[in-house]
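Take a look at the letters that make up each chain.
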Amino acid sequence: MRRFGTPLKSSAIKLLLLGSGELGKEVAIEAMRLGVEVVACDRYENAPAMQIAHRSYTFNMRDGAKIREVVEKESAGRRTNFFIVPEIEAIATDTLVELEKEGWRVIPKASATRLTMDRQGIRKLAAEKLKLPTSPYRFASSLEELEAGARAVGFPCVIKPTMSSSGHGQSVARKPADLKKCWKFAMEGTRAHTGKVIVEGFINFDYEITLLTVRHAKGISYCAPVGHIQIDGDYRESWQPHPMTKTALKKAQTIAKTVVGELCGKTGRGIFGVELFVKGDNVLFSELSPRPHDTGMVTMVSQTMSEMELHVRAILDLPILEIPCKPGASVAILAWKSMKNPVYNGIAEALKIPGTHVRIFGKPEVIGHRRMGVALATGKTVAEARKKAMAAARNIRVVTS
Ligand SMILES: Nc1ncnc2c1ncn2[C@@H]1O[C@H](COP(=O)(O)OP(=O)(O)O)[C@@H](O)[C@H]1O
Ligand SMILES: [Mg+2]
């Protein structure tokens, strides 16, 4: 039986966050509610989770040597009750694999963070090893290969750097002549410069969902489906529960169980955001996050246990018996131009709408455009919750101070 100790004392359970954004901030809050000591790391100072953590370190998460140094220092060599929790994709995953081999716990599991960091890893696992249905796809390392790949999957097609997130470098080609621009855009948007893209057939889905799936001590549980809208590959709005036919829901859960089961084996623990495209009763696997998902922020109001609380419970082998849900919605609050020290107008107006909540992440600056907060609402129906969350978000303006 795990003993829960006192933060900042030798008995403390420690959680080391690699990446300290808005999702990490909520994970930190949930962990702290159980008396866990939280150490937050990110590449810039005053990242959201750092602002509430017990301690923080500023360095690039791709710096494996630095990760090791912090792990060794913070754990003082202790492997039990010390959890390394990746919060972003771009991490020195080889170092995580080594640390895990040496006995440290990586959430959900080092191999899962490595496989999902690269679209090629997770797509091959899902489609080729596990034989799950996906969009038709090819990988390409040059414009010529992209042209051949696009011919194979057909037009329109979606082109994405193999290492990217939040829609960076992603574009749609409607005809062969578009490919040159798409290739260039992908090469500029890639985070790791793998020089590689995935080209996928464009799926004309009825809707897409995130099926939050949690692997805990007693097995696998699902949250109610989260529906969402993405613009340019970036999340703008989500809601829960999204209605699905019994057949489609069953298929979605089976896909989630297959891939999460494979990634976790016997020892992996944590929540996953399994992204699925649905057309009629057909369900396709798209991709997955081995951590809380941005579209899942709605669970901060729609579930009594948010996706972050579920993540923490799973990490600590605590019971997850049922996951009740009521209608809720979330709308991203965006800033549209670069600025330091942003200011938020309209929060009081937003909160005049009954059943509405606002979370401001506290990001110290904006470069280009950035998600800065989220408006959340509950309602008798999802439609009502969406309307309220949208109205609340529209009230809030991020401006220069
Ligand atoms: N093959 C596809 N067909 C149609 N829409 C797609 C396809 N791939 C991605 N999209 C849209 O773009 C969004 C972002 O793509 P995704 O692969 O999830 O990238 P990211 O890692 O940036 O989230 C998806 O949620 C979906 O709305
Ligand atoms: Mg996605």
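Just above, that's the structure.
Cut-offs used in this document
Residues numbered from 1 in each chain as written. Chains lettered and ligands numbered in written order. Predicted model: local features only at pLDDT ≥ 70, side-chain atom pairs only at ≥ 80, totals over all residues. Heavy atoms only, no water. Helix = DSSP H or I, 4+ residues; strand = E, 2+ residues; numbered from the N terminus. Expected span 1.5 Å × (residues − 1). Contact = heavy atoms within 4.5 Å. Polar contact = N/O pair within 3.5 Å; in protein donor to acceptor, adjacent residues only side chain to side chain. Near = heavy atom within 4 Å. Nonpolar A, V, L, I, M, F, W, Y, C, P; charged D, E, K, R; others polar. Domains from an automatic or database assignment. Pairing = 2+ DSSP bridges.

## Here's the deal with helix α2 (residues 64-75)
Part 1 of the reasoning: Compared with the 16 Å implied by 1.5 Å per residue over 12 residues, the 16 Å span of α2 between its first and last C-alpha is a close match.
Part 2 of the reasoning: On the buried face of α2, the contacting elements are β1 (14-18), β2 (37-42), β3 (55-58), β4 (82-86) and α3 (93-101).
Part 3 of the reasoning: Put simply, Asp-63 is the residue that caps the front of α2, since its side-chain oxygen is 3.3 Å from the backbone nitrogen of Ala-65.
Part 4 of the reasoning: A positive phi of about 50° marks Ala-76, the residue just after α2.

## A short note on the site of ligand 1
Part 1 of the reasoning: Close to ligand 1 lie 18 residues, the nearest being Lys-160, Gly-167, Ile-203, Glu-208 and Glu-287.
Part 2 of the reasoning: Arg-119 is positioned with one of its side-chain polar atoms (N or O) 3.1 Å from an oxygen atom of ligand 1.
Part 3 of the reasoning: Note that an oxygen atom of ligand 1 is positioned 2.8 Å from one of the side-chain N or O atoms of Glu-275.
Part 4 of the reasoning: Elements supplying a minimum of two residues to the shell around ligand 1: β7 (157-161), β9 (197-201) and β14 (270-279).
Part 5 of the reasoning: The residue inventory of the shell around ligand 1, partitioned by class, reads 5 nonpolar, 7 polar and 6 charged.
Part 6 of the reasoning: Lining the shell around ligand 1 are residues from two domains, each supplying at least three of them: domain 2 (136-201) and domain 3 (207-399).

## Quick notes on the sheet that holds β4
Part 1 of the reasoning: The 5 strands lie next to each other as β3-β2-β1-β4-β5, forming an open sheet whose pairing is parallel. Each edge of the open sheet is held by one strand with a lone partner, namely β3 and β5 (105-106).
Part 2 of the reasoning: Pairing of β2 with β3, which is carried by 4 bridges, proceeds in the parallel orientation. In the strand pairing of β3, Asp-42 is matched with Thr-58.

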